There are 2 protein chains.
Amino acid sequence: MILFDRIAIVGVGLLGGSLALACKDRGLARHIVGYGRSRENLETAVRRNVIDAYAGDLNEAVKDADLIVLCAPVGSFKTLTRMMLPSVKPGAILTDVGSVKSSVTRDLEPLLPGSVHFVPGHPIAGSDKSGVASADKDLFVGAKCVLTPSVPLDPMGSEPVADKHGRGQSKSGQFAPARSPSANADRTALGRVAALWEGVGMQVIYMDPEEHDYIFGAVSHLPHVVAFALVNAVAGLSSQKHGPVTGFCGNGFKDVTRIASSDPAMWRDICLANKGPLLEFIDRFQETLGQIKTSIETGEGDRLERSFAMANKHRSRICEGTNDYRD
Amino acid sequence: MILFDRIAIVGVGLLGGSLALACKDRGLARHIVGYGRSRENLETAVRRNVIDAYAGDLNEAVKDADLIVLCAPVGSFKTLTRMMLPSVKPGAILTDVGSVKSSVTRDLEPLLPGSVHFVPGHPIAGSDKSGVASADKDLFVGAKCVLTPSVPLDPMGSEPVADKHGRGQSKSGQFAPARSPSANADRTALGRVAALWEGVGMQVIYMDPEEHDYIFGAVSHLPHVVAFALVNAVAGLSSQKHGPVTGFCGNGFKDVTRIASSDPAMWRDICLANKGPLLEFIDRFQETLGQIKTSIETGEGDRLERSFAMANKHRSRICEGTNDYRD
C-alpha cells in the first residue's frame, strides 16, 4: 500500500539503499529518487533497481518529494537541509536515519518553515558493511526504530502509532487532541513516518532526543570508539622473530573489533555530534579498565575474578534480553 | 595410531575434554583418565565417553600416565605439579594448554626431576564457552598450537617435528645432534607432544615463551580485559524513562563483548601470569583511546576520521590474513 507518492533518499548507501529497496519491495512508494555526491554510486543504485532515478542536483532531487530521508553522515545534515529548503514543497516531511538525535534536532528545526514537518528518526539497523552494494531489502525486519518527535505526545500518555493509512493515532485508537493545526499536521507526519518504518518490518518506539543519545552513546557509540582504539593499539606491535602480532589474531580479536570496520566519516560525525555523553562514557570506561589494571598490578586475584564474573553475568543477561537491536 | 598408552587429563573442561575426545576419536591414546575438583563434572565426562575413567585423587590419576596434560587454570599448575610429582613415573611427559608460557615454565621447570620431560604448550583453540559440556572432538582442527620448548632446537635451524612414530625429528629428517642423553629425551618428548597436537588436527609452531606472551598478551589478553571492562562500564547505566541502557544493546555490542563471557578464574590467572606485557598493552590502549577522546573534545574531525580509517584498514588486513588462530 502506497504511503508516499515520491520519496527522495539523500545519501544512497547501506541505510538509504536498503530503505529504498524495502519500500519498492513492499510497494510503499510510487517513485524513489536518490541523491548523493558520487554519480557512479547513484548510477549503480539505478542499475541495481535500488532507486527509480537519481538527480545530480539536490534541489532537483527533493522538489516533488512528499518524504525526504537524510541518509548521509549526520555532520552534513545542516548544510544539506539549507541547500534543499528552497525546493522543498509545503507539507513535505523531512526525516533522517542519524545515530544521534539531539544535535540533529537542534540543528535542523530552526531552519525549517512551519510547512515542512521534521520527524527525527534512528532505525537501529546497521552493519560494519557500508555502501549501496550492501543494501538489503530486509535489513530492517525485526529491528527497532527510534523516533524522537518534538510534537507533544498524546496527553493520555499513550504514544502515537500509525493506523493502516499511516495517520497519526494514539494507542487508544483515538486521535490525540491537537494543540494547533500545525501540531496536528506534525502528529500526522509522525504517524506517516512511523507507518513507513513499520511497513519495512520495524517496531517503532518513541524517545526524547536526549534519552536516545544517552542510551546509544553507551551501548553503541562507546563500543565503536573502543573497537577503533583496540585495533590501532595492537596494529603497530611487532614481535622479534614472528613479525606483526596481528598475524596471530584469532576469532576473539576479530569479533571484538568487527565494528571497527564501520564507516569512518559516519562515525566521526556521530562521535562529534554526541560529544557530551560519549566523553562521559569514555571516562567511565577508562575508570573501569583502570580498576582492572590496578587489580592486575597489585595481584588482587579475587577482585579481578569478581570483576570478570560480574561481566559474565551482565553479558548473559544482555544476551538473554529479547531485544532486536542491530548496530 | 596410538601415540600414548595412558594419558592423564588434569582439569576436564572445554580444552581438556576436547583433547580427550579428539584423542579417542583418532585412536591416539589407549586409556584416558581424568582428574578435577568436581566429581560431578568427572562423572558427566565418563558418562559422555569424554574420558575412560576418572580418579578422585591426583596421584592416583597420574601414577601410570605416559602423558600428563595440565588443563586447569594456569594459577593452579604449580600446586598441582607439586602434589602429583611423587606419583609421576620416570620418563613421563608433562605438558599444558595454558595461555601464558613464561611464568608456567619459570614455575614448573625447577620442580621437575630430569626423568620428567616438560613441554609447555598453548593450543590456540578456545571459546567463550567453558566446561566439559562444550567439549568438541574437532575443536583443534585447522588451528595452531604453540609449543615453547626449553630444549635447544636443531642447530641447523630447522624446528623439531614429529615423524609417524611421534619421535622427535628435525625437518631435515635427521635427528638433531643431542647435547646430552637428557636433551635427546627432551627432544623426543617434544616430538611426541607435537605429534599429539598434529594428530588432533593442529599445526604446531615453536616460540620462545617470552615471544608467545608478548604476542598473545596483545592479540588475546588485552582484548579480553577490554571486553570485560566494557560490559562493566555500561552495565550500571540506566536511562530516565527507558530503564537500563543494556536493554538496547544490539549485535554490535554483543560481538564486541562476546569474549567477556569467558571463564573468570581462567582469565584471572592469565592476567596475573602475563602481568608485564599486559599492563604495558593496557597503557598503550588507554593512550590510543585517550587520543581519540582528545580529538572528540577538541572537535578535530579530520584527525578522528584518520584514526577510524586506519583502524578500518588494519582490520581488513587482519581479516584477510590466512591465519587460523582461535580465541
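The structure presented is a predicted model; accordingly, all values stated were derived computationally and were not measured.

Caption draft 1: View of the pairing of strand 5 (residues 93-96) of chain B. Residues and elements named next belong to chain B. Where burial is concerned, the two faces of strand 5 agree: the one with Ile 93 and Thr 95 and the one with Leu 94 and Asp 96 are both buried. By the bridge criterion, four bridges tie strand 4 (residues 67-70) to strand 5 in an arrangement that is parallel. Within strand 5, the residue paired with Ile 68 across the bridge is Leu 94. Where strand 5 meets strand 6 (residues 117-119), three bridges bridge the pair, whose relative direction is parallel. By the bridge assignment for strand 6, Thr 95 is matched with Val 119. Each parallel crossover has a hand, and for strand 5 linked through helix 5 (residues 102-108) to strand 6 it is right-handed.

Caption draft 2: Highlighting unusual backbone geometry. All names here are of chain A. One non-glycine residue, Asn 49, lies in the positive phi region at around 60 degrees. With respect to the helices, strands and loops of the structure, Asn 49 is situated in the loop between helix 2 (39-47) and strand 3 (53-54). Overall, Asn 49 belongs to the exposed group, its relative accessible area being 51%.

Caption draft 3: Looking closely at the environment of Arg47(A). All names here are of chain A. As for its placement among the helices and strands, Arg 47 is situated in helix 2. Residue class for Arg 47 comes out exposed when judged on its relative accessible area of 61%. A C-alpha to C-alpha distance of 29 Å links Arg 47 and Leu 85, two positions 38 residues apart in sequence.

Caption draft 4: Highlighting the packing of aromatic side chains. Going through the model one piece at a time under the given rule, you end up with nine aromatic pairs over all chains. Judged by centre distance (5.1 Å) and plane angle (65 degrees), the ring pair of Tyr214(A) and Phe281(A) falls under edge-to-face. With a gap of 67 residues between them, Tyr214(A) in helix 7 (residues 209-235) and Phe281(A) in helix 10 (residues 275-298) connect regions that are remote in the sequence. Exposure remark for Tyr214(A): the relative accessible area of 22% places this residue in the partly exposed category. Residue classification places Phe281(A) among the buried residues on the basis of a relative accessible area of 2%. For the ring pair Phe248(A) and Phe216(B), a centre distance of 5.9 Å and an interplane angle of 70 degrees mean the geometry is edge-to-face. With Phe248(A) in the loop between strand 13 (243-244) and helix 8 (251-256) and Phe216(B) in helix 7 (residues 209-235), this pair bridges two chains.

Caption draft 5: Here's a closer look at the confidence of the model for chain A. Per-residue pLDDT for chain A averages 90, and the proportion of residues at 70 or more is 88%. Across the assembled chains, the prediction reports ipTM 0.87 with pTM 0.88.

Caption draft 6: Spatial organisation of the pairing of strand 8 (residues 144-147) of chain B. All names here are of chain B. Going residue by residue along strand 8, you find Lys 144 and Val 146 tucked away on one face and Cys 145 and Leu 147 tucked away on the opposite face as well. Strand direction decides the pairing type here: strand 7 (residues 121-123) and strand 8, joined by three bridges, are antiparallel. What sits directly across from Gly 121, in strand 8, is Leu 147. Relative to strand 11 (residues 203-206), strand 8 is paired through four bridges, and the arrangement is parallel. Within strand 11, the position partnered with Cys 145 by the bridge is Val 204.

Caption draft 7: Layout of the relation of the copies chain A and chain B. In screw terms, the move from chain A to chain B is a rotation of 180 degrees and a rise of 0.0 Å along the axis, fitting with an RMSD of 0.1 Å. The operation mapping one copy onto its partner corresponds to a two-fold rotation axis. Measuring from the rotation axis to each C-alpha of chain A, the shortest distance belongs to Val256(A), at 1.9 Å. Here 100% of the contact residues of chain A are again contact residues in chain B; the copies associate through an equivalent surface.

Caption draft 8: Layout of the side chain of Asp66(A). Relative to the helices and strands, Asp66(A) is located in the loop between helix 3 (58-62) and strand 4 (67-70). Setting aside its immediate chain neighbours within four residues, Asp66(A) contacts Phe4(A), Asp5(A), Arg6(A), Lys89(A), Ala92(A) and Ile93(A).

Caption draft 9: A look at the packing of helix 7 of chain A against helix 11 (residues 301-320) of chain B. Where helix 7 of chain A meets helix 11 of chain B, the axes come as close as 9 Å, and the angle between the chain directions of the two elements is 65 degrees. Judged by the inter-axis angle, helix 7 of chain A sits roughly perpendicular to helix 11 of chain B. Helix-helix and strand crossings are classified by hand; for helix 7 of chain A and helix 11 of chain B the assignment is left-handed. Contacts between helix 7 of chain A and helix 11 of chain B pair Phe228(A), Val231(A), Asn232(A) and Ala235(A) from the former with Ser307(B), Phe308(B), Met310(B), Ala311(B), Asn312(B), His314(B) and Arg315(B) from the latter.

Caption draft 10: Spotlight on helix 10 (residues 275-298) of chain B. In this model, helix 10 of chain B (24 residues) spans 34 Å end to end at C-alpha, consistent with the 34 Å of a helix rising 1.5 Å per residue. Looking at the residues trailing helix 10 of chain B, positive phi occurs at Gly299(B), about 70 degrees.

Caption draft 11: Seen up close, the interface of chain A and chain B. Tallying the contact residues gives 88 residues for chain A and 88 residues for chain B. Three residues, Phe248(A), Ile296(A) and Arg315(A), lead the burial of chain A against chain B; their summed loss comes to 9% of the area buried on that side. On inspection of chain A and its partner chain B, the count reaches eight salt bridges. Linking Arg258(B) and Asp255(A) is a salt bridge whose minimum nitrogen-to-oxygen distance equals 2.6 Å. Remark: the boundary between chain A and chain B carries 31 residue pairs in polar contact (both at pLDDT 80 or more). Only strand 11 (203-206), helix 7, strand 12 (238-239), helix 8, helix 9 (264-273), helix 10 and helix 11 (301-320) of chain A provide two or more residues apiece to the side of chain A that touches chain B. For the side of chain A that touches chain B, the element with the most residues is helix 7 of chain A, which contributes 18 residues. By residue class, the composition of the side of chain A that touches chain B is 48 nonpolar, 24 polar and 16 charged.

Rules and cut-offs
Residues numbered from 1 in each chain as written. Chains lettered and ligands numbered in written order. Predicted model: local features only at pLDDT ≥ 70, side-chain atom pairs only at ≥ 80, totals over all residues. Heavy atoms only, no water. Buried < 20%, exposed > 50% of the residue type's maximum accessible area, 1.4 Å probe, protein only. Helix = DSSP H or I, 4+ residues; strand = E, 2+ residues; numbered from the N terminus. Pairing = 2+ DSSP bridges. Right-handed = clockwise from strand over helix to strand, strands pointing away. Phe/Tyr/Trp six-rings, centres within 6.5 Å; stacked < 30°, edge-to-face > 60°. pLDDT = per-residue confidence, 0-100. Least-squares fit on C-alpha atoms with pLDDT ≥ 70 in both. Contact = heavy atoms within 4.5 Å. Axes fitted to C-alpha atoms, helices over the stretch in contact; angles between N-to-C directions. Parallel < 35°, antiparallel > 145°, perpendicular 65-115°, else oblique. Left-handed = near helix turned anticlockwise from the far one by under 90°. Expected span 1.5 Å × (residues − 1). Buried area = accessible area lost by both parts, 1.4 Å probe. Salt bridge = Lys/Arg side-chain N within 4 Å of Asp/Glu carboxyl O. Polar contact = N/O pair within 3.5 Å; in protein donor to acceptor, adjacent residues only side chain to side chain. Nonpolar A, V, L, I, M, F, W, Y, C, P; charged D, E, K, R; others polar.

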